[in-house]
Amino acid sequence: MTLSKHQILGQPVNLSPDYWGWLVDRLDRGINTHVVTMNAEMVMQANQNPALAKILQQADLIAADGAGIVLALKFHGINQQRCAGIDLGAKLLELAGERGAACPVALYGGRPEVLLKAVAFWRNRLPGLLIVAQADGYISESAQQELIAQIQQQQPKVIMVALGIPRQEVWIAQNRHICPQAIWIGIGGSFDVWSGTKKRAPKIFQKLNLEWLYRLGQEPSRWRRMLVLPQFMLLALKERLHGR
Ligand code: UDP
């Protein structure tokens, strides 16, 4: 199964009505896969950060996560359904929970208490889930090396990394070779939601592609980061008008 690719402001986004089917096929066939859930902020960062841009070029699935990406694709006449990283992450864990020992997982990132609560949340919901490595996102360099050794030894099939953009993408790119048959996915603040520390936007916000607005209401400190969103939209519109 191949995915088509489109460029938004020079950065890649894969198009598919069925990212999930594509991903399960990769998991079943044991093909090393880096999943990026793309939003406007990441596009803007990648345009300033060649190392991140290179990682995006080499990732296997760039799913349209942000509302801005979906809208920018619309400017190009493309109707791509939004795929939130947190939903993709939850589906992967549910599948891993069904498969048990055949699909061990590793979880890395979040504040220490957040990680523990997120792990407890999933263990409670999915008794079959086998977590073979876990670490919060604030461990020392030597603890990171231990985590890498553990992941290499345990060979989980799914590795979820929640360190924020671009840290998680860089970490995955640096380490993905140690589990050549695994799905590696960066999932941002998902542990915060699964732990109950932060609330996911209500369905109506999700449906209207306004999850970012709800998030801004919950975390007003994000406003500075979110200033890139109108800038992104203007550039995307300009790109459209110039016919690129
Ligand atoms: N985080 C982490 N280690 C760090 C910095 C951040 O584990 O050194 C975690 C943070 O606790 C949060 C997540 O990374 O759970 C980033 O969430 P955010 O919503 O900012 O994700 P982004 O929007 O950057 O993907």
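All of these numbers come straight from a predicted model, not from anything done at the bench.

Undergrad: Looking at this model, I keep getting lost on the overall build of the protein chain. Mind explaining?
TA: Each helix and strand counted, the protein chain has 13 helices and eight strands in total. Its C-alpha atoms give the protein chain a radius of gyration of 17 Å, within 12% of the compact-globule value 18 Å for 244 residues. Taken along its principal axes, the extent of the C-alpha atoms in the protein chain is 50 × 40 × 35 Å. Taken across its 244 residues, the protein chain has 50% of its residues classed as buried. Looking at the protein chain alone, contacts between residues at least 24 apart form 72% of all its contacts between residues at least 6 apart. In the structure as shown, the protein chain presents an accessible area of about 11800 Å², 54% of it carried by carbon and sulfur atoms. Averaged over its 27 positive side-chain charges, the protein chain has a centre that lies 5 Å from the centre of its 18 negative ones.

Undergrad: Could you clarify how one ought to interpret the sheet that holds strand 6 (residues 131-135) in this entry?
TA: Hydrogen bonding along the main chain pairs the strands of a sheet, whether they run parallel or antiparallel. An order of 4-3-8-7-5-6 is seen for the six strands of this open sheet, with the pairing classed as parallel. Edge positions in the sheet fall to strand 4 (61-64) and strand 6, since each has one partner strand and no second. Taken pair by pair, the neighbouring strands of this sheet meet at an average axis angle of 15°, ignoring direction. Pairing analysis gives four bridges linking strand 7 (residues 158-162) to strand 8 (residues 183-186), with the strands arranged parallel. Among the inter-strand pairings, Met 160 is bridged to a residue of strand 8, identified as Ile 185.

Undergrad: What is the right way to read the nonpolar core from this model?
TA: Proteins that are soluble and globular tend to have nonpolar side chains buried together. Core analysis: the biggest nonpolar cluster contains 61 residues, and Leu 93, Met 160, Phe 191, Trp 194 and Phe 232 have the highest contact counts within it. Tallying contributions element by element places helix 5 (residues 85-99) first for this core, with seven residues. Contact partners of Trp 194, with chain neighbours within four places excluded, come to Ile 86, Gly 89, Ala 90, Leu 93, Lys 117, Ala 118, Phe 121, Trp 122, Met 160 and Ile 187.

Undergrad: Would you take a moment to explain the pairing of strand 1 (residues 4-8) for this structure?
TA: Within a regular beta strand, the side chains point alternately toward one face of the sheet and then the other, so they alternate between its two faces. One ladder, built from five bridges, connects strand 1 with strand 2 (residues 11-15); its direction is antiparallel. Bridge pairing in strand 2 places Ile 8 opposite Gln 11. Between the end of strand 1 and the start of strand 2, which pair antiparallel, lie two residues, with Leu 9 showing a positive phi angle near 45°.

Undergrad: What is the right way to look at the site of the ligand in this model?
TA: In the vicinity of the ligand there are 16 residues, among which Gly 110, Gly 137, Arg 167, Asp 192 and Arg 215 approach most closely. Residue Gly 164 places a main-chain N or O atom 3.4 Å away from an oxygen atom belonging to the ligand. Relative to its unbound accessible area of 550 Å², the ligand is 84% covered by the protein chains.

Undergrad: Quick question: what am I supposed to make of the pattern of salt bridges here?
TA: Side chains carrying opposite charge are able to pair once their charged atoms draw close together. Evaluation of the coordinates by the stated rule reveals 13 salt bridges. Between Arg 200 and Glu 211 there is a salt bridge, and its shortest N-O distance comes to 2.4 Å. One end of the pair, Arg 200, is in the loop between helix 9 (190-194) and helix 10 (203-207); the other, Glu 211, is in helix 11 (residues 211-218), with 11 residues separating them in the sequence. Residue classification places Arg 200 among the partly exposed positions, given a relative accessible area of 22%. Shared partners join several salt bridges into a network, and the residues in it are Asp 65, Arg 82, Asp 87, Arg 200 and Glu 211.

Undergrad: It is not clear to me how helix 5 should be interpreted in this structure. Could you clarify?
TA: Residues lying three or four places apart along an α-helix face the same way, a consequence of the helix completing one turn every 3.6 residues. Taking 1.5 Å of rise per residue, 15 residues should cover 21 Å, and helix 5 covers 21 Å from first to last C-alpha, within 8% of that figure. Every buried residue of helix 5 is listed here: Gly 85, Ile 86, Leu 88, Gly 89, Ala 90, Leu 92, Leu 93, Leu 95, Ala 96 and Gly 97. Phi turns positive one or two residues past the end of helix 5, at Gly 100, with a value near 55°.

Definitions and cut-offs
Residues numbered from 1 in each chain as written. Predicted model: local features only at pLDDT ≥ 70, side-chain atom pairs only at ≥ 80, totals over all residues. Heavy atoms only, no water. Helix = DSSP H or I, 4+ residues; strand = E, 2+ residues; numbered from the N terminus. Rg over C-alpha atoms; globule rule 2.2 N^0.38 Å. Buried < 20%, exposed > 50% of the residue type's maximum accessible area, 1.4 Å probe, protein only. Contact = heavy atoms within 4.5 Å. Areas by Shrake-Rupley, 256 points an atom, 1.4 Å probe, with all protein chains shown as cover. Lys, Arg positive; Asp, Glu negative; His and termini not counted. Charge placed at Lys NZ, Arg CZ, Asp CG, Glu CD. Pairing = 2+ DSSP bridges. Axes fitted to C-alpha atoms, helices over the stretch in contact; angles between N-to-C directions. Core = buried A, V, L, I, M, F, W, Y, C linked by side-chain atoms within 4.5 Å. Near = heavy atom within 4 Å. Polar contact = N/O pair within 3.5 Å; in protein donor to acceptor, adjacent residues only side chain to side chain. Salt bridge = Lys/Arg side-chain N within 4 Å of Asp/Glu carboxyl O. Expected span 1.5 Å × (residues − 1).

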